[in-house]
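# Structure assessment
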2 protein chains.
Amino acid sequence: MSETATKELAEVRWRKLRDLVHEHGILRVEELAAELGVSAATVRRDLAALEASGELRRIHGGAMAPERCAAEPLFDDKTAMAAPEKQRIAEAALTLVGPRDVIYLDGGSTTVALARLLIPFKQLTVVTNSLRVAQVFSNGGPRMILTGGECRLLSQTFVGPLTRAVLDQMHLDIAFMGTIGVSVQQGMTTTDPAEAFTKEQAMARASRIVLLADSTKFGKTSFVRFGTIDQISTVITDKQMPTAERKAFQRAGVDTILV
Amino acid sequence: MSETATKELAEVRWRKLRDLVHEHGILRVEELAAELGVSAATVRRDLAALEASGELRRIHGGAMAPERCAAEPLFDDKTAMAAPEKQRIAEAALTLVGPRDVIYLDGGSTTVALARLLIPFKQLTVVTNSLRVAQVFSNGGPRMILTGGECRLLSQTFVGPLTRAVLDQMHLDIAFMGTIGVSVQQGMTTTDPAEAFTKEQAMARASRIVLLADSTKFGKTSFVRFGTIDQISTVITDKQMPTAERKAFQRAGVDTILV
DNA sequence: GCATAGTTAATCAGATATGCGCATCATTCG
DNA sequence: CGAATGATGCGCATATCTGATTAACTATGC
């Protein structure tokens with residue numbers, strides 16, 4: 001309630017911070033510190049808070065506006081440097097695939113890693129809505145079927161009602177799904193309704209649903225739900241998966257593979 | 001107050017890297033290092049990360065854009081063959097497109113050339129069954145809808161019955177078609193029945209059908225017919241088009257554009 | 001088939017950024 | 001007035017990034 005104008009309130013600084021990052025797209029910590037007249041430590045604390053509420057994205061040395069990375073062909077919310085976990089998750093996923101299965105590969109960098117491992121298995125049939133996955137197989141590999149639909153640039157996937165017409169006609173042995181967030185209460189969530197619709201279509205056609213999600217995805221909730229955890233047959237993640245979530249998944253009867 | 005004294009953030013460098021590779025198609029590590037002002041080791045690390053997320057492909061000595069790395073010999077041979085004519089044909093085709101049209105781009109190198117010209121026209125809707133066309137627009141461009149279907153490696157297109165479900169639901173202002181051969185007697189022919197089926201589906205939905213074919217295609221006949229010349233509204237070709245065919249097309253009421 | 005040149009992966013050292021604990025300062029409330 | 005609460009800044013330990021060096025690998029020529 002007090003109006004001491006000597007030092008601006010934290011809320012005011014946060015607002016400025018949001019605007020600065022929004023305007024410049026990308027800024028380093030020291031620039032923000034100089035602009036706001038506070039120390040780098042404070043800026044880091046602020047950035048941590050704002051990242052937790054999803055208003056920006058922290059990167060080494062600074063911060064980025066989330067819509068800036070949306071404009072770029074970044075199709076994963078996390079930095080590409082988190083690759084080793086994704087690679088191990090993909091390798092574990094490979095063991096679930098039978099030699100002549102029909103499998104679905106959702107969009108996301110983890111499924112791209114899996115796709116690369118699948119190139120030698122020519123007897124497989126891979127259904128996907130991901131342009132990146134299609135590129136992986138464009139030199140040869142399994143039989144590939146693309147769902148079609150409208151291209152969503154951010155995720156490099158084809159989504160929307162048109163997808164349904166294709167997916168309706170097929171049966172899938174395993175659907176390997178990615179997600180933005182997954183939690184016990186909210187299930188699996190993603191940012192785009194059309195994306196969620198297409199994910200639902202694929203999962204509805206699959207005998208088994210396997211969620212590929214590194215541990216940072218757990219407890220997160222995005223905008224649109226596309227499934228609940230009891231739909232999941234198996235989840236493959238890394239050892240940093242929170243213990244609480246782990247127990248909840250066990251209770252829900254979900255096989256959990258930690259890599 | 002802006003100074004370039006501080007080193008740019010890694011994210012900025014990645015963005016430049018993506019743009020450079022997409023622009024040049026293929027680049028050496030040392031060229032990238034010089035352009036970005038960092039060491040070759042850093043470039044290699046960046047390339048590894050970007051490859052892991054499928055945004056480019058590494059090759060010995062450098063990196064390639066994904067749309068060029070799928071070096072299907074036949075497809076690229078066709079690209080190299082008569083490239084200047086194809087470019088001029090594409091430029092002529094561009095003049096037929098209205099600002100908010102819904103157009104179909106068939107597979108083939110000429111349609112890829114046209115697609116490149118269409119990138120600035122964000123208000124267009126482009127429907128295609130060509131992976132190459134999809135890759136052209138993957139960094140932004142018109143609204144893009146991919147038909148889906150089974151991937152035919154040789155032509156890098158998606159074909160077959162599944163395509164029908166998607167195409168059935170839409171209307172196209174102009175369908176820009178490629179072909180293997182076209183003759184007055186046999187009409188337009190191609191090598192693959194599934195490919196032909198998909199071409200028929202697209203043409204059936206289009207108000208106008210524009211054939212993009214360099215002069216070497218005339219008089220040739222391939223395996224499967226997918227249309228007759230009286231279905232064609234306009235044909236765009238080069239000045240070496242045989243005179244006999246030219247007259248026959250005129251008699252059939254086909255507009256002929258020679259470039 | 002071997003040798004050579006060029007390229008890459010692995011490793012280490014230096015620089016920079018980050019997270020955490022603690023001290024300081026301001027504000028609030030008893 | 002004094003203690004409690006909370007925000008801020010500083011210093012240090014840790015983590016991450018970058019560049020250089022070297023060994024292993026690959027492609028090409030002979």
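Residues numbered from 1 in each chain as written. Chains lettered and ligands numbered in written order. Predicted model: local features only at pLDDT ≥ 70, side-chain atom pairs only at ≥ 80, totals over all residues. Heavy atoms only, no water.

## Topic: the packing of helix H2 (residues 29–36) of chain A against helix H3 (residues 40–52) of chain A
A pair of packed helices can be characterised by two numbers: the angle between their axes and the separation between those axes. Residue and element names in this part refer to chain A. It is the contact of H2 with H3, at a shortest axis distance of 9 Å, that shows an interaxial angle of 105 degrees. As judged from the angle between their axes, H2 and H3 are roughly perpendicular. Between H2 and H3, the residues in contact are Val 29, Leu 32 and Ala 33 and Ala 40, Val 43, Arg 44 and Leu 47, respectively. The residue makeup of the contact of H2 with H3, split by class, is six nonpolar, no polar and one charged. (Axes fitted to C-alpha atoms, helices over the stretch in contact; angles between N-to-C directions. Helix = DSSP H or I, 4+ residues; strand = E, 2+ residues; numbered from the N terminus. Parallel < 35°, antiparallel > 145°, perpendicular 65-115°, else oblique. Contact = heavy atoms within 4.5 Å. Nonpolar A, V, L, I, M, F, W, Y, C, P; charged D, E, K, R; others polar.)

## Section: the interface of chain A and chain B
Across the contact, 47 residues belong to chain A and 46 residues belong to chain B. Here chain A and chain B share an interface that buries about 3,700 Å² over both sides, 60% of which is from carbon and sulfur atoms. In this structure, Arg 143 of chain B engages Glu 150 of chain A in a salt bridge whose closest nitrogen and oxygen atoms are separated by 2.9 Å. Taken together, the links from chain A to chain B amount to ten residue pairs in polar contact (both at pLDDT 80 or more). (Buried area = accessible area lost by both parts, 1.4 Å probe. Salt bridge = Lys/Arg side-chain N within 4 Å of Asp/Glu carboxyl O. Polar contact = N/O pair within 3.5 Å; in protein donor to acceptor, adjacent residues only side chain to side chain.)

## Some thoughts on the pattern of salt bridges
This structure, assessed with the given rule, holds 21 salt bridges over all chains. With its nearest N and O atoms 2.4 Å apart, the salt bridge here joins Lys 199 of chain A to Asp 106 of chain A. One end of the pair, Lys 199 of chain A, is in helix H9 (residues 193–204); the other, Asp 106 of chain A, is in the loop between strand E4 (102–105) and helix H6 (109–118), with 93 residues separating them in the sequence. According to the relative accessible area criterion, Asp 106 of chain A is buried, its value standing at 0%. Here Arg 152 of chain B ties to Glu 195 of chain B by a salt bridge, and the two come within 2.6 Å at their closest N and O atoms. With Arg 152 of chain B in strand E7 (residues 149–152) and Glu 195 of chain B in helix H10 (residues 193–204), this pair connects stretches of sequence that are 43 residues apart. For the pair Arg 152 of chain B and Glu 195 of chain B, one class covers both residues: buried. Where salt bridges share partners, they join Lys 86, Asp 214 and Lys 217 of chain A into one cluster. (Buried < 20%, exposed > 50% of the residue type's maximum accessible area, 1.4 Å probe, protein only.)

## Comments concerning empty space enclosed by the protein
Tallying each qualifying case throughout the model produces two cavities of 30 Å³ or more. Of the pockets and cavities examined, the largest cavity occupies roughly 50 Å³. In this structure, the largest cavity is lined by ten residues; those nearest its centre are Arg 132 and Gln 156 of chain A together with His 22, Glu 55 and Ser 138 of chain B. Looking at side-chain class alone, the lining of the largest cavity contains two nonpolar, six polar and two charged residues. (1 Å grid on protein atoms, 1.4 Å probe; cavity = no way out; pocket = protein on both sides within 12 Å on 5 of 7 lines; lining within 4 Å. Points joined across faces, edges and corners; volume = space filled by probe spheres on them.)

## Some thoughts on the packing of aromatic side chains
Residues and elements named next belong to chain A. Applying the stated criterion across every chain, the model contains two aromatic pairs over all chains. Ring centres of Phe 218 and Phe 249 lie 5.6 Å apart, and the angle between their planes is 75 degrees; this geometry places the pair in the edge-to-face category. Pair noted here: Phe 218 is in the loop between strand E12 (206–212) and strand E13 (224–227) and Phe 249 is in helix H10 (residues 243–251), with a separation of 31 residues, a long-range link. An identical accessibility class is assigned to Phe 218 and Phe 249; each is buried. Above the plane of the ring of Phe 226 lies Lys 199, whose end atom (NZ or CZ) is 4.9 Å from the centre. (Phe/Tyr/Trp six-rings, centres within 6.5 Å; stacked < 30°, edge-to-face > 60°. Lys NZ or Arg CZ within 6 Å of the ring centre and 35° of its normal.)

## Description of the protein's contact with DNA strand D
The local shell around DNA strand D holds 15 residues, among which Arg 13 and Thr 42 of chain A together with Arg 13, Thr 42 and Arg 45 of chain B are the closest. A distance of 2.4 Å separates a phosphate oxygen of DNA strand D from a polar atom in the side chain of Thr 42 of chain A. Between DNA strand D and Arg 45 of chain B there is a distance of 2.6 Å, counted from a base nitrogen to a side-chain nitrogen or oxygen. Those elements giving two or more residues to the surface near DNA strand D turn out to be H3 of chain A together with helix H1 (10–24) and helix H3 (40–52) of chain B. The leading source of residues in the surface near DNA strand D is H3 of chain A, at three residues. Of the residues that constitute the surface near DNA strand D, the class distribution is four nonpolar, six polar and five charged. (Near = heavy atom within 4 Å.)

## Some details on the confidence of the model for chain A
All names here are of chain A. On average, residues of chain A carry a pLDDT of 86, and 90% of them reach 70 or more. The secondary-structure element of chain A with the lowest mean pLDDT is helix H4 (residues 66–71), recorded at 47, while strand E9 (residues 172–177) shows the highest, at 98. Ignoring residues within four places in sequence, the model shows residues 68–81, a span with pLDDT below 50, making 42 contacts including any to other chains. (pLDDT = per-residue confidence, 0-100.)

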